[in-house]
Structures are given as structure tokens and as C-alpha cells.
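Residue-level structure breakdown
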Amino acid sequence: MSSVLRVGLLTGGGDCPGLNAVIRAVSKSLILQHRAQIVGFENGYEGLIKQRSRRLEYADVSGILTLGGTVLGTSNTANPFRYYGRGDADVSRSVLQYYHQLGLDAVVAIGGDGTMSILHQLQEIGLQCVGVPKTIDNDLVGTDRTFGFDTAVSIAADAIDRLQSTAQAHSRVMIIETMGRHAGWIALYAGVAGASDIILIPELPYDIDEVARVCREREIGGQNFTIITVAEGARAAGGDSAMLEGTDRGGNLRFGGIGHLLQEQLSTRIRSQLRTSILGHVQRGGTPTAFDRTLATAFGSYAAAMVADKQFGRMVTLHNNQLGSISLSEVANRTRTVPVDSPMLAAAIAVGTSVGVKDFDLRMQGDIETRAVT
Ligand code: F6P
């Protein structure tokens, strides 16, 4: 390393409450503890590709802890190994050149699965790096929590509370679609927090007749409304996920529409009126909860310590309430889905919530002594 520690910083993928809290924590820790110089890249990997960066001084990262979004900007489509802006060409060598030209000792990338997979590839061609796990979806391998998840769950739970009063007033079945393409963490946790009657997640393809049966039972039983929380990636058994047309610029498929599809499927099976609300990007906006601010600060300062300690090629983790790290090779191209023995799934079912699966067997849940709620 050169005499002055120089560290690059970027935020990649979809934005998420708490990104600015991590930017602040990484930068302040490195400046205060190691007199480091920080270089921020604009719009995720796009900044490394298009050579757009700026120095981040202490004053630049003060007062941003509670801000939503990211002061650096982000992109979920810019991949140096397949850059859409240059006909899907591999521009990773010029990215590495720019990294050396800036005299950087390391890059800290704050992002989700896509960002970590790219970071792993960059590390393999010689870029020293540390990852910080971000996503409202909470689906990164190796960490019990990602920052942003708690905020998204709070927003979704608040929406369910509000939908409940209008559902009750009109005796309706209300469907609320949350984010979560391959993992149902947000739907599960928000559904439990909002006392949803039915929670449908991608990990457990639902039986539409079972969902209809639960709604009808509530109609007959005098409970005049039903709340269904469904993750955007959920699908009926034997059916496909609901997708929006086309892909984004990075070639990623876009999920969406399961709420309306479910409404259509139920409309011929139950008497009650149905309404669907899609929560969408509201879940990613605004100020992070206190939990996410503290987690983001802990993650950021730990990432700074890893850089100083030259622990490169790894992502920060939280496991059993302990900060640690995991090799990027173990994180890349993997998703942490809700396991069938999830304690939160067990809790939901124990209080009478349906997961849209007939006779879902509680015995599949793990040993009661080891029910850690993470
Ligand atoms: O990764 C988080 C996420 O919120 C997904 O749940 C969702 O499908 C996706 O981002 C949508 O991102 P965008 O609309 O920015 O492409």
C-alpha cells in the first residue's frame, strides 16, 4: 500500500434505505482511524467504467445518516464484464486500469447479489475489494441480515395495517404485493407483523383452491375480510411467476403482476369483492429505521477495519449477532431463500396464518431448541 491509504467506494444495484449510512460509516471510519483518502464512484460500476469519481471529504459524508437513496447514485445495469453501453463488451481491463490510475488500495462496494458477483470477478482480475451486503430483500448468502430489510418490512407492515381497516369497512379480500423476486423474506416478516391471514412466498408455490378455501372459511365464519400478502416472485403450484414485459438494460428479468393474477384466480372462487395494492418502490424509499441505521453503521465501520487489515475478497456478515465476513466466492451467484424450517414460518403457521399450502406440515420445522429468529 502507498503511504496514504486510498479507498474507492461505490453503491450498486437497486437502492435501499441505509446506503448513505454505510457511505458515512466507511468514510468516517477510514478518515478518522487511518487518515485515508476516499474516492466515491458515481452510479455504481458505471462510475468505474465511465471514469466518473470524486473525492469524498469528511464534510461530504456528514449529515447523511438518515437520508434515503444514495449520494453516490447507483445502477443495477452496469456490468464491466458485459457492458450494455458498449454492445455488451467486456471492459473490465480498463476498469482495472482506472483503479490503478487513481492509486487506490481497495474498493468497498455496497450492494446485493449482482454487485457482489461482479465484485468477485473484479477481485479475480486483481482489484482488492471488500463487500457490504445491501438489499431490502434480505436474500444474500452468509449473513442473517442485510440493511434495508427492516425498513422495507416496517413500510410494508404499515401498509397492511392501513389496508386492514379499509378491508374491514368494505368486507373485502385485500391482496398486497411486496417485493421479493426469489425470496419471500419481506412478505413473510411484513405479513406476520401485519397479521396477514394468508402469506404467499416464492419458496412455497401456492394451491389456489387452498387460498380460496381459507377466504371462504373466513366469509362463513363471520370474519368479513381477509388480508393476503404475496411476494412478487410467488407463483401457483404448476404455474409460472408473473413477469413484466421485457428486461432492463442489463438484461435482468422484471417480476410483477402476481397480485392481479391472484385476484383474477380468486374472483371465480369466492364471493367477496377483491382489491389489489402493489407496494413497489415505496419499500425502497425514504429514511432508514433506527435498526437499519445502526446495522449500516456497524457494517460500514467493520468494512473499513477489513480494508485496513487487508482482508480483501470478502463481504461483511452478521451471523448470530456477531460481525464477521465471508469469501465473495461463496456469495457470488447465490440467493438465500426462506428455508422450509424457518422459525418465522413456524410462528406464522402456529398462529393460524395460511401459507397457501394444504396441510403444511409443522413437523417439517426444526428442533424447537434451535429456533433462532434471524
Ligand atoms: O433487489 C431489490 C428489488 O427491490 C427486488 O425485490 C425488485 O424486483 C427489484 O429490486 C426491482 O428493481 P428495479 O425496479 O430498480 O429494477
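Not measured: the values here are computed from a predicted model. (Residues numbered from 1 in each chain as written. Predicted model: local features only at pLDDT ≥ 70, side-chain atom pairs only at ≥ 80, totals over all residues. Heavy atoms only, no water.)

A separate point is the confidence of the model for the chain. Counting all residues, the mean pLDDT for the chain is 94, and 95% of those residues have values of 70 or more. Counting interchain partners and residues more than four positions distant, the pLDDT-below-50 stretch residues 366–372 has four contacts. (pLDDT = per-residue confidence, 0-100. Contact = heavy atoms within 4.5 Å.)

Another point: the nonpolar core. Counting 66 residues, the largest nonpolar core has Leu9, Leu30, Val108, Val132, Phe147, Val307 and Leu345 as its most contacted members. Per element, the largest residue contribution to this core is eight residues, and it comes from helix H5 (residues 149–170). Residues lining this core come from more than one domain, with at least three contributed by each of domain 1 (6–147 + 288–331) and domain 2 (151–285 + 339–370). Apart from the residues lying within four places of it in its own chain, the contact partners of valine 132 are Val22, Val108, Ala109, Ile110, Gly111, Met116, Phe147, Phe299, Ala303, Met315 and Val316. Residues Val39, Phe81, Val91 and Tyr98 belong to the second largest nonpolar core, which totals 30 residues. (Core = buried A, V, L, I, M, F, W, Y, C linked by side-chain atoms within 4.5 Å. Buried < 20%, exposed > 50% of the residue type's maximum accessible area, 1.4 Å probe, protein only. Helix = DSSP H or I, 4+ residues; strand = E, 2+ residues; numbered from the N terminus. Domains from an automatic or database assignment.)

This part covers the site of the ligand. By nearness alone, every residue bordering the ligand is listed as Asn76, Ile136, Asp137, Met179, Gly180, Arg181, Glu232, His281 and Arg284. In this structure, an oxygen atom belonging to the ligand sits 3.0 Å away from a side-chain N or O atom of aspartate 137. Arginine 284 has a polar side-chain atom sitting 2.9 Å from an oxygen atom of the ligand. About the coverage of the ligand: the protein hides 82% of its 400 Å² of free accessible area. Using a 2 Å cut-off from the grid points, one finds that the ligand occupies the largest pocket. A per-class count over the shell around the ligand returns two nonpolar, three polar and four charged. (Near = heavy atom within 4 Å. Polar contact = N/O pair within 3.5 Å; in protein donor to acceptor, adjacent residues only side chain to side chain. Areas by Shrake-Rupley, 256 points an atom, 1.4 Å probe, with all protein chains shown as cover. 1 Å grid on protein atoms, 1.4 Å probe; cavity = no way out; pocket = protein on both sides within 12 Å on 5 of 7 lines; lining within 4 Å. Sits in = over half its atoms within 2 Å of the grid points. Nonpolar A, V, L, I, M, F, W, Y, C, P; charged D, E, K, R; others polar.)

The next thing to look at is the sheet that holds strand E8 (residues 226–231). Whether parallel or antiparallel, the strands of a sheet pair through hydrogen bonds between backbone atoms. Pairing in this open sheet of four strands is parallel, and the strands run E7-E8-E6-E11 from one edge to the other. Among the strands making up the open sheet, the edge pair consists of strand E7 (198–200) and strand E11 (273–278). The mean angle between the axes of side-by-side strands here comes to 15°, regardless of whether they run parallel or antiparallel. Note that E7 and E8 share three bridges and pair parallel. Bridge pairing in E8 links leucine 200 to valine 230. Strands in contact with H5 are strand E6 (172–178), E8 and E11; relative to E6, the strand with the most contacts, it is inclined by about 165°. (Pairing = 2+ DSSP bridges. Axes fitted to C-alpha atoms, helices over the stretch in contact; angles between N-to-C directions.)

Okay, the packing of aromatic side chains next. Per the stated rule, a full pass over the model turns up four aromatic pairs. With centroids separated by 6.3 Å and ring planes inclined at 55°, the aromatic side chains of tryptophan 185 and tyrosine 189 adopt a geometry described as tilted. Of this pair, tryptophan 185 and tyrosine 189 are both found in helix H6 (residues 185–193), four residues apart, which corresponds to roughly one turn of the helix. These aromatic residues form a ring-pair network of at least three members: Phe149, Trp185 and Tyr189. When the ring centre of phenylalanine 225 is taken as reference, the NZ or CZ atom of arginine 218 above it lies at 5.3 Å. (Phe/Tyr/Trp six-rings, centres within 6.5 Å; stacked < 30°, edge-to-face > 60°. Lys NZ or Arg CZ within 6 Å of the ring centre and 35° of its normal.)

What follows covers the packing of H5 against H6. Put simply, H5 and H6 touch, their axes get as near as 8 Å, and they point 50° apart. Our classification of the angle between H5 and H6 gives oblique. Where H5 crosses over H6, the two elements pack in a sense that is right-handed. Of H6, the residues touching H5 (which contributes Phe149, Ala152, Val153, Ala156, Ala157 and Ile160) are Trp185, Ile186, Tyr189, Ala190, Gly191 and Ala193. Tallied by class, residues from the contact of H5 with H6 come to 11 nonpolar, one polar and no charged. (Parallel < 35°, antiparallel > 145°, perpendicular 65-115°, else oblique. Left-handed = near helix turned anticlockwise from the far one by under 90°.)

Turning next to the side chain of serine 272. With respect to the helices and strands, serine 272 occurs in the loop between helix H8 (258–267) and E11. Reaching out from serine 272, the side chain makes a polar contact with the side chain of glutamate 219 at a distance of 2.6 Å. The residues contacting serine 272, other than those within four sequence positions of it, are Ser171, Val173 and Glu219.

This next bit is on the domain arrangement of the chain. Looking at the chain, the domain boundaries give domain 1 (6–147 + 288–331) and domain 2 (151–285 + 339–370). Each of domain 1 and domain 2 was reduced to a C-alpha centroid, and the two centroids are 32 Å apart. At the junction of the two partners, domain 1 supplies 16 residues and domain 2 supplies 17 residues. In terms of surface lost to domain 2, no three residues of domain 1 exceed Thr77, Ile136 and Asp137, which account for 37% of the buried area on that side. Counting across the domain 1 and domain 2 interface gives one salt bridge. (Buried area = accessible area lost by both parts, 1.4 Å probe. Salt bridge = Lys/Arg side-chain N within 4 Å of Asp/Glu carboxyl O.)

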